[in-house]
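The primary structure of each chain is shown beneath.
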Amino acid sequence: MTVILTLAAALTAALLAGPASAFASGADRPLPTTLNLPDGFQPEGIAIGPGAFAYFGSRADGRIYRVNLVSGAGAQLSPPVGSASLGMKTDGRGRLFVAGGGGGDARVVDTRTGAVLASYKFTTGTTFVNDVILLDGSAYFTDSRQAVLYKVATGRRGNLPESFTTLPLTGDFVLTPGVNNLNGIAATPDGRALIAVQSNTGFLFRIDPRTGATKRIDTGDRTFVNGDGLWLSGRTLYVVQNRDNKVVAVSLNHAGTKGTVRAERTDPRFDVPTTIAQFGHRLYLPNARFTTPPAADTTYTANSIAVF
């Protein structure tokens, strides 16, 4: 009995400790590599942490589903809201920042209770608020149908503001009307700027978060058409090319002005993966299954692959 209680206590401590714990990061125990999501869910966004928990957003109705990465067990965190939940990121305060797609909005959700802590209506025009990144106390959201970013700046104590700033994009980026343009977003390795991928052209752009000035990142003759989610790990930028069922690792310089493709991975379990997040030595990607007509009984999963 003492041994059983000790193991239970160790598991609880590991889950609370999060990715910094060797146990929770998978160093001492294999983690599930396929996660089952609810039938009919239509996932797109993923965020991981604090702790060994992943959060998935539904593009169909905005539900948020939370999964324990150690056990694979999941449950609904937040109910349908009537608009999509696309790109997502969590902060160290247990808050989930969620892009709202065609609703032109975003919201912040409590990862403990599922309560909506704040919501923002960015625009009522042609819009598709697609992804988000947190940098220097602010959340930056892409709009795939407009040449702007939306900035939600938290206070010095992390207070959520009532307003936001629209940041027009200038420079190298050129919007193509009627299609998805800027999609996934990440920070540069030096933390001074942003990186976004333009899905229709496959270009990567470095964006000044103060001015909105854009500069195309030099990746030689390599482009990333169908580029979707981005994830930065050190100086490696992982680019998900959704309909190509592929993840590409790009080695960046410190400023994020130049990159070289060093590896790419596919997996027979991929079925149009969209966004990406990391836990320990694994990368996790939800299968959006864009090429499969959605129905109430359509099955959905998320898969993990080793960091490369």
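Residues numbered from 1 in each chain as written. Predicted model: local features only at pLDDT ≥ 70, side-chain atom pairs only at ≥ 80, totals over all residues. Heavy atoms only, no water.

> Residue-level account of the sheet that holds strand β12 (residues 148-153), with values.
The strand order β10-β11-β12-β13 describes an open sheet built from four strands, whose pairing is antiparallel. The outermost strands of the open sheet, each flanked by one partner alone, are β10 (129-135) and β13 (165-168). For this sheet the average axis-to-axis angle between neighbouring strands, irrespective of direction, equals 25°. Examined bridge by bridge, strand β11 (residues 138-143) and β12 share five bridges and lie antiparallel to one another. Directly across from S138, in β12, lies its bridge partner A153. (Pairing = 2+ DSSP bridges. Helix = DSSP H or I, 4+ residues; strand = E, 2+ residues; numbered from the N terminus. Axes fitted to C-alpha atoms, helices over the stretch in contact; angles between N-to-C directions.)

> So what about the side chain of D105? Which residues, and what values?
Tracing the backbone through its elements, the reader meets D105 in strand β8 (residues 105-110). Within the buried set, D105 has no salt-bridge partner at all; the shortest N-O distance to an opposite charge, 5.3 Å, is to K121. Setting aside residues no more than four positions away along its own chain, D105 makes contact with S83, V98, A99, G100, Y120, K121, F122 and V129. (Buried < 20%, exposed > 50% of the residue type's maximum accessible area, 1.4 Å probe, protein only. Lys, Arg positive; Asp, Glu negative; His and termini not counted. Salt bridge = Lys/Arg side-chain N within 4 Å of Asp/Glu carboxyl O. Contact = heavy atoms within 4.5 Å.)

> Give a detailed account of unusual backbone geometry, specifying residues and quantitative values.
The omega angle of the peptide bond from G49 to P50 is -5°, so this bond is cis rather than trans. Tracing the sequence through the fold places P50 in the loop between β2 (43-48) and β3 (53-58). If you check the backbone angles, N245 has positive phi at about 50° while not being a glycine. In this structure, N245 sits in the loop between β20 (236-241) and β21 (246-252). On the basis of relative accessibility, which here comes to 22%, the residue N245 falls in the partly exposed class.

> Outline the confidence of the model for the protein, listing residues and values.
Detailed reading of the predicted coordinates is not advisable wherever pLDDT is low. Looking at the protein as a whole, the pLDDT averages 92, with 91% of positions reaching at least 70. This stretch, residues 1-27, has a pLDDT under 50; its non-local contacts, to residues over four places away or in other chains, come to 27 contacts. (pLDDT = per-residue confidence, 0-100.)

> Residues and numbers for the environment of D91, please.
Note that D91 resides in the loop between β6 (88-90) and β7 (95-99). Separated by 43 residues in sequence, D91 and I48 place their C-alpha atoms 9.7 Å apart. In this structure the side chain of D91 is engaged in a polar contact, spanning 3.0 Å, whose partner is the backbone nitrogen of R93. At 3.3 Å, the side chain of D91 forms a polar contact with the backbone nitrogen of G94. (Polar contact = N/O pair within 3.5 Å; in protein donor to acceptor, adjacent residues only side chain to side chain.)

> Residues and numbers for the pattern of salt bridges, please.
Applying the stated criterion to the full structure yields nine salt bridges. Its salt-bridge partner being K89, residue D131 comes within 3.8 Å of it at the nearest N-O pair. Residue D131 is located in strand β10, and its partner K89 is located in strand β6; the two are separated by 42 residues in the primary sequence. Residue K89 is classed as buried on the basis of its relative accessible area of 11%. In this structure, E264 and R222 form a salt bridge, with 2.8 Å as the shortest nitrogen-oxygen distance.

> Could you give an account of the pairing of β3, naming the residues involved and the relevant values?
β3 sits mainly inside the fold: five of its six residues count as buried. Pairing analysis gives five bridges linking β2 to β3, with the strands arranged antiparallel. The partner of P43 across the bridge, within β3, is S58. Where β2 hands over to β3, the hairpin turn is made up of four residues, of which G49 adopts a positive phi near 95°. Looking at chain direction, β3 and strand β4 (residues 64-68) are connected through five bridges and run antiparallel. From the neighbouring strand, Y55 faces β4, where its bridge partner is R66.

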